[in-house]
Amino acid sequence: MTEQEVRQQLVDLAKSMFDRGYATGGAGNLSVKLDQKHILATPTGSSFGRLDPQTLSLLTIDGEHLSGDKPSKEVAFHLEVYRHRPQSNAVVHLHSTYLTALSCLNGLDPQNVIKAFTPYYVMRVGQLPLIPYYNPGDKSIAVEVGKLAASNAAFLLANHGPIISGKDILDAVDNAEELEETAKLYFTLKGEYIAYISDDNVARLKAKKP
């Protein structure tokens, strides 16, 4: 794909998520690697529903802003994903309803917030570690993400929302949608006697992940 096609794809996917309620106002951000040295990211405070392909932020993989509008301060944790997880070429950060609600609960397992009860969650995401709470823009978020990125495709920021990566922007968006649906199911089933997937089957599902 050309750079212009990638820009338009990012804008179209962001609008689709906005229209379906995965993002509201100026919350959340997206990024995608153009090559091994450059990424495109959504500008600070921008709405997923009103992005302009030409004003997306162009940065180096080291975080230098080259052109376009000023990038979100949260691009720092996107960069940590790219540095530590080379198979990931796109990152989605949302304040989606169910995952954000989940992030506000006490007593979550920091190693894996959602115990597997569907195979699709395992195949798409694997597991969901919890990042401790820091105020938005705090550099510690990127540090914590960097520590876990090599072995995890997604993270849940406490009292904030999810970070999800993928092999490309389509894969990252699909992963984000599956994860939000899993959180929705979690709340739907809460209080019920859930039939969790066995550890053996979870291991087999993870082995099938590309």
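For the structure itself, look to the data block above.
Cut-off values and rules
- Residues numbered from 1 in each chain as written.
- Predicted model: local features only at pLDDT ≥ 70, side-chain atom pairs only at ≥ 80, totals over all residues.
- Heavy atoms only, no water.
- Helix = DSSP H or I, 4+ residues; strand = E, 2+ residues; numbered from the N terminus.
- Buried < 20%, exposed > 50% of the residue type's maximum accessible area, 1.4 Å probe, protein only.
- Polar contact = N/O pair within 3.5 Å; in protein donor to acceptor, adjacent residues only side chain to side chain.
- Contact = heavy atoms within 4.5 Å.
- Pairing = 2+ DSSP bridges.
- Axes fitted to C-alpha atoms, helices over the stretch in contact; angles between N-to-C directions.
- Phe/Tyr/Trp six-rings, centres within 6.5 Å; stacked < 30°, edge-to-face > 60°.
- Lys NZ or Arg CZ within 6 Å of the ring centre and 35° of its normal.

Enquirer: How would you explain the side chain of S46 if you had to name every residue and give the values?
Expert: As for its placement among the helices and strands, S46 is situated in the loop between β2 (38–41) and β3 (57–60). Look at S46 and you get buried, because its relative accessible area is 13%. Here P43 takes part through its backbone oxygen, which lies 2.7 Å from a polar atom of the side chain of S46. Those residues in contact with S46, other than ones at most four positions away along the chain, are G25, G26 and L51.

Enquirer: Summarise the sheet that holds β3; cite the residues concerned and give the values.
Expert: Read from one edge of the open sheet, eight strands run β4-β3-β2-β1-β5-β8-β7-β6, paired in mixed fashion. Either end of the sheet is taken by a strand with one partner, and the two such strands are β4 (65–67) and β6 (130–131). Inspection of the sheet shows strand β1 (residues 29–33) paired to strand β5 (residues 90–93) by four bridges, in the antiparallel sense. Bridging across to β5, S31 finds its partner in V91. In this fold helix α1 (residues 3–19) packs onto β1, β2, β3 and β5, with an angle of close to 150 degrees to the strand it touches most, β1. Lying over the sheet, helix α6 (residues 169–189) contacts β1, β5, β7 (154–157) and β8 (161–166), oriented at roughly 140 degrees with respect to β8.

Enquirer: Explain unusual backbone geometry to me, using residue names and the numbers behind them.
Expert: The phi torsion at N159 lies on the positive side, around 55 degrees, for a residue other than glycine. Tracing the backbone shows N159 in the loop between β7 and β8. For N159, a relative accessible area of 43% puts it in the partly exposed group.

Enquirer: Pulling in residues and values, what's your account of the pairing of β7?
Expert: Neither face of β7 is left uncovered, since the one carrying A154 and L156 and the one carrying F155 and L157 both have all their residues buried. Sheet analysis places β6 next to β7, joined by two bridges and oriented parallel. Note on β7: the bridge partner recorded for L130 is L156. Here β7 runs beside β8; their pairing, made up of four bridges, is antiparallel. Residue pairing for β8: L156 is matched across the bridge by P162. Hairpin connection, β7 to β8: the antiparallel pair is bridged by three residues, and N159 has positive phi, about 55 degrees.

Enquirer: Help me get a handle on helix α2 (residues 75–84), residues and values and all.
Expert: Taken across its 10 residues, α2 has seven buried, putting it largely inside the fold. The set of residues buried in α2 consists of V75, F77, H78, L79, E80, V81 and Y82.

Enquirer: How would you explain the packing of aromatic side chains if you had to name every residue and give the values?
Expert: Applying the stated criterion across every chain yields a total of two aromatic pairs. Geometrically, the ring pair formed by Y98 and F187 is tilted, given 6.3 Å between the ring centres and 45 degrees between the ring planes. Here Y98, found in helix α3 (residues 97–103), pairs with F187, found in helix α6; they are 89 residues apart in sequence, far enough to count as distant. Y98 sits in the partly exposed class, given a relative accessible area of 32%. Residue F187 is classed as partly exposed on the basis of its relative accessible area, which comes to 26%. An angle of 90 degrees between the planes, with centres 5.3 Å apart, marks the rings of Y186 and F187 as edge-to-face. Overall, the relative accessible area of 18% leaves Y186 in the buried class. Its end group placed over the ring of Y196, K115 keeps NZ or CZ at 4.7 Å from the ring centre.

Enquirer: Give me the environment of S16: which residues, what numbers.
Expert: With respect to the helices and strands, S16 occurs in helix α1. Here S16 falls in the partly exposed class, since its relative accessible area comes to 28%. As a C-alpha pair, S16 and Y134 span 118 residues in sequence and 29 Å in three-dimensional space.

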